[in-house]
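# Commentary on secondary and tertiary structure
For reference, the chains in residue letters:
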Amino acid sequence: MLNVPVFMSCIIATKLNLRGGLLSDRLLSFAKFPSIPHSNPAFSSIKAPKKSYSLTFALIISLNMPIQAPTTSFITLQNLRKYYVEGDEQRLIFNNLNISIRPQEFIALLGQSGSGKSTLLNLLSGIDLPDDGRIQIGNQIINKLSETQRTQFRRRHIGFIFQFFNLIPTLTVEENLLLPLELNGLMDGAQLEQALALLAQVGLGNRRSSFPERLSGGEQQRLAIARALVHRPTLLLADEPTGNLDSETGQKILDLLMQLHQSVGTTIIMVTHSQPVAAQADRILCLEAGIIRDMTA
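What comes next concerns the included structure. (Residues numbered from 1 in each chain as written. Predicted model: local features only at pLDDT ≥ 70, side-chain atom pairs only at ≥ 80, totals over all residues. Heavy atoms only, no water.)

### Observations regarding the packing of helix α3 (residues 173–183) against helix α4 (residues 189–201)
Applicable threshold: Angular values range over 0 to 180 degrees, each being the angle between N-to-C directions of two axes fitted as lines to C-alpha atoms, with helices fitted over their stretch in contact. Only DSSP runs of H or I covering at least 4 residues are called helices, and only runs of E covering at least 2 are called strands; the numbering of each starts at the N terminus. Should an angle fall under 35 degrees it is called roughly parallel, over 145 degrees roughly antiparallel, and 65 to 115 degrees roughly perpendicular, with every other angle called oblique. Note on convention: the crossing is left-handed when the near helix lies turned anticlockwise from the far helix by less than a right angle, right-handed when the turn is clockwise. Note on contacts: a residue pair is in contact if any heavy atoms of the two residues lie within 4.5 Å.
At a minimum axis separation of 11 Å, α3 and α4 run at an interaxial angle of 130°. The orientation of α3 with respect to α4, classified from their angle, is oblique. Between α3 and α4 the crossing geometry is right-handed. Listed contacts from α4 to Val173, Glu174, Leu177, Leu178 and Leu181 of α3 are Gln191, Leu192, Ala195, Leu196 and Leu199.

### Focus on the environment of Ile127
By the element assignment, Ile127 lies in the loop between α1 (117–125) and β5 (132–137). Ile127 sits 24 residues away from Thr151 along the chain, and the two C-alpha atoms are 8.1 Å apart.

### Focus on helix α6 (residues 247–264)
For clarity, the cut-off: Helix span, expected: 1.5 Å multiplied by one less than the number of residues in the helix. Relative accessible area decides the class of each residue, using a 1.4 Å probe on protein chains only: under 20% of the type maximum gives buried, over 50% gives exposed, and in between gives partly exposed. In the analysis that follows, any N or O atom pair within 3.5 Å is treated as a polar contact, provided that within protein one partner can donate a hydrogen and the other can accept it, and provided that, for residues neighboring in sequence, both atoms belong to side chains.
For α6, with 18 residues, the first-to-last C-alpha span of 25 Å sits near the 26 Å given by 1.5 Å per residue. Of all the residues in α6, the buried ones are Thr249, Gly250, Ile253, Leu254, Leu256, Leu257, Met258, Leu260, His261 and Val264. Its buried side turned inward, α6 meets β4 (106–111), α4, α5 (217–229), β8 (235–239), β9 (267–271) and α7 (275–279). For α6, the N-terminal cap is Asp246; the gap from its side-chain oxygen to the backbone nitrogen of Glu248 is 3.1 Å. Positive backbone phi, at 80°, marks Gly265, one or two positions downstream of α6.

### Some points on unusual backbone geometry
One non-glycine residue, Phe165, lies in the positive phi region at around 75°. Locating Phe165 in the fold gives a position in the loop between β7 (158–161) and α3. For Phe165, a relative accessible area of 15% corresponds to the buried category. In the Ramachandran plot, Asn166 falls in the positive-phi region, its phi being about 55° despite a non-glycine side chain. Position of Asn166 relative to the elements: it lies in the loop between β7 and α3. Assessed through its relative accessible area of 5%, Asn166 is described here as buried.

### Side note on the sheet that holds β9
Applicable threshold: DSSP-based pairing: two strands are paired if at least 2 bridges between them are found.
Pairing is mixed across the open sheet formed by six strands, whose spatial order is β7-β8-β9-β4-β10-β11. Each having just a single partner strand, β7 and β11 (291–294) make up the two edges of the open sheet. Neighbouring strand axes in the sheet, compared pairwise and without regard to direction, differ in orientation by 20° on average. Relative to β9, β8 runs parallel, the two being bridged by five bridges. For Leu235, the partnering residue across the bridge sits in β9 and is Thr267. Packed onto the sheet, α1 meets β4, β7, β8, β9 and β10 (283–288) and runs at close to 155° relative to β8. Relative to β7, helix α2 (residues 147–157) is tilted by about 85°, and along the sheet it contacts β7 and β8.

### Some words on the environment of Pro276
Its location among the elements puts Pro276 in helix α7. Residue Pro276 is classed as exposed on the basis of its relative accessible area of 59%. When the C-alpha atoms of Pro276 and Gln251 are compared, they prove to be 9.5 Å apart, with 25 residues separating the residues in sequence.

Here you go:
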């Protein structure tokens, strides 16, 4: 039996005034909630594997050890180093980390607090940068992009479900939901209809005009999840997406992720401490003491 504590992290505070559909240049954290059409040239060389079942999570990771990489890589982390300075000392998080992920795979990532799970998600999204090494998604080397280019890349290609919601308090439920579409210029009748259908799927169809402060913790989490899915991203990074939900609602959210994975071919990397959630993944990996352990078997 696994017993892995939750890694509490990824708090990004935002106080924005974006009423009337106008997007401010001060929109910092929402640059982290992105989108990705399959026609994007950065991903034109990626061929999806032929798989018929809904959740196909697989990941081959190596950390200080050789592991055979997938034949086709969608995400590649090569010789990645990351450390934090604490006082006069450096705390090494990753040392020559190598990861290869195939298109349309879904992995569950476990690990104790401080093991580097959220750091890994932040590096993949370009929110944080490595001290050395290469991060490649499709044909783009993420850590070679400028901050503005990384922001645009996240916005177009990556969906991020943060553990602590990061809803904008001055926006209604509907406005929070639609913001990724506005950022990417995808607001049309069909997109709006699909977005509202998604809101209904997460049980918030009757809360469109409410503000986040009027929602329960579980409702805020469901809204954050819907917002990350609304633009149907090709890469979804999820940090404990069901951690604040009851088991029934959590399973419904997982079903939504499965549908996205199956219909759009989304690659999903999910941090979780839940055994039932991890059991639905094709591969279960655990970060512990600077190494990766494959716990699938």
